[in-house]
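Survey of secondary and tertiary structure
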Amino acid sequence: LGIAVSALVAFIVAKVQSKNAEIQLDKQIKAEVEKIKIQYELEQKRDNINFLNKFKLEKLTELYDLVAQNLRYINKVTLLFEKLLRGKQLSEISKEEIDIFLKERNIIEEEYFEKGITKQISIATNYFPNFKNKWEQISYLEHKIINLYPDQILGTLTIKREEYSKFTLPTDYTLNDYLEDVQRVEMRYLSYMELIAKEIGNIMDGLEPSNRKV
């Protein structure tokens with residue numbers, strides 16, 4: 001009987017130990033599964049962030065290039081206008097010279113509009129609300145000073161409609177005022193491009209080394 005009891009006790013102890021070992025193993029497995037799950041979720045989150053950042057980098061780089069192209073266009077048309085004005089009073093500029101200027105400017109504009117740069121910039125800025133707002137401000141200034149002021153200075157455009165009065169040449173506006181305004185537009189462009197470049201740098205800093213090439 002004693003042997004039977006001892007055997008029974010040994011069996012129960014072994015059973016309990018086995019059960020405990022099973023519980024511990026089960027806990028360990030669950031812990032490992034949870035660890036793998038968390039690791040997977042973190043990696044997914046990191047991959048998603050990297051994907052988003054790479055997408056932003058692509059769009060910002062595209063935006064920077066488009067804005068640079070737009071600035072080159074502005075430089076071309078303003079230099080052409082300044083060439084017409086150089087060394088002369090407005091009263092000394094002949095109609096033939098004005099016609100040549102308008103024809104040459106039209107060639108530059110057609111080449112520019114064919115590329116659809118303005119439209120592409122508008123699309124690119126849709127991804128970045130802050131950049132979009134700033135771009136709209138720059139576009140307004142550019143349209144007024146670069147597109148409308150020269151024709152008013154030359155007398156080839158008169159704004160009569162009240163809703164467009166904000167684009168009318170200011171009273172007692174001088175050629176020096178115009179040159180300063182052109183410089184103001186160009187400076188706004190350069191500042192805008194610096195902001196884009198800074199944002200590109202910030203995103204690059206946040207990317208893992210293996211993901212920095214785009």
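Bear in mind the structure is a predicted one, so any value in this text is a computation, not a measurement. (Residues numbered from 1 in each chain as written. Predicted model: local features only at pLDDT ≥ 70, side-chain atom pairs only at ≥ 80, totals over all residues. Heavy atoms only, no water.)

A separate point is the overall build of the protein chain. The secondary structure content of the protein chain amounts to five helices and zero strands. Beginning at the N terminus, the succession of helices and strands in the protein chain can be written as α-α-α-α-α. A burial count over the protein chain gives 28% of its 214 residues as buried. Expressed as a percentage of contacts within the protein chain between residues at least 6 apart in sequence, the contacts between residues at least 24 apart total 78%. (Helix = DSSP H or I, 4+ residues; strand = E, 2+ residues; numbered from the N terminus. Buried < 20%, exposed > 50% of the residue type's maximum accessible area, 1.4 Å probe, protein only. Contact = heavy atoms within 4.5 Å.)

Attention shifts here to the environment of Leu63. Considering the arrangement of structural elements, one finds Leu63 in helix H1 (residues 2-85). As for Leu63 and Gln120, which are separated by 57 residues in sequence, their C-alpha atoms are 8.2 Å apart. Setting aside chain neighbours within four positions, we find Leu63 in contact with Ile121, Ala124, Thr125, Phe131, Tyr192 and Ile196.

In this section: helix H3 (residues 117-125). Inspection of H3 places Ile117, Ile121, Ala124 and Thr125 among the buried residues, and these make up the whole buried set. Seen from one end, H3 has its buried residues packed into an arc of 95°, which puts them on one side. (Arc of directions from axis to C-beta.)

Here the focus is the packing of H3 against helix H4 (residues 129-154). Viewed as axis vectors pointing N to C, H3 and H4 meet at an angle of 145°, and their least axial separation amounts to 8 Å. Along its contact with H3, which presents Ile121, Ser122 and Thr125, the element H4 presents Pro129, Phe131, Lys132 and Trp135. Its residues assigned to classes, the contact of H3 with H4 comprises four nonpolar, two polar and one charged. (Axes fitted to C-alpha atoms, helices over the stretch in contact; angles between N-to-C directions. Nonpolar A, V, L, I, M, F, W, Y, C, P; charged D, E, K, R; others polar.)

Another aspect to go through is the environment of Thr61. In this structure, Thr61 sits in helix H1. According to the relative accessible area criterion, Thr61 is partly exposed, its value standing at 41%. Each C-alpha atom, one on Thr61 and one on Ala197, is 8.2 Å from the other, the two residues being 136 residues apart in sequence.

Moving on, we come to the confidence of the model for the protein chain. Per-chain confidence: the protein chain averages 81 in pLDDT, with 73% of residues scoring 70 or above. In the model of the protein chain, H1 stands out as the element of lowest mean pLDDT, 70, in contrast to H4, which has the highest, 94. A low-confidence stretch, residues 210-214 (pLDDT under 50), is modelled with eight contacts involving residues beyond four sequence positions or located in other chains. (pLDDT = per-residue confidence, 0-100.)

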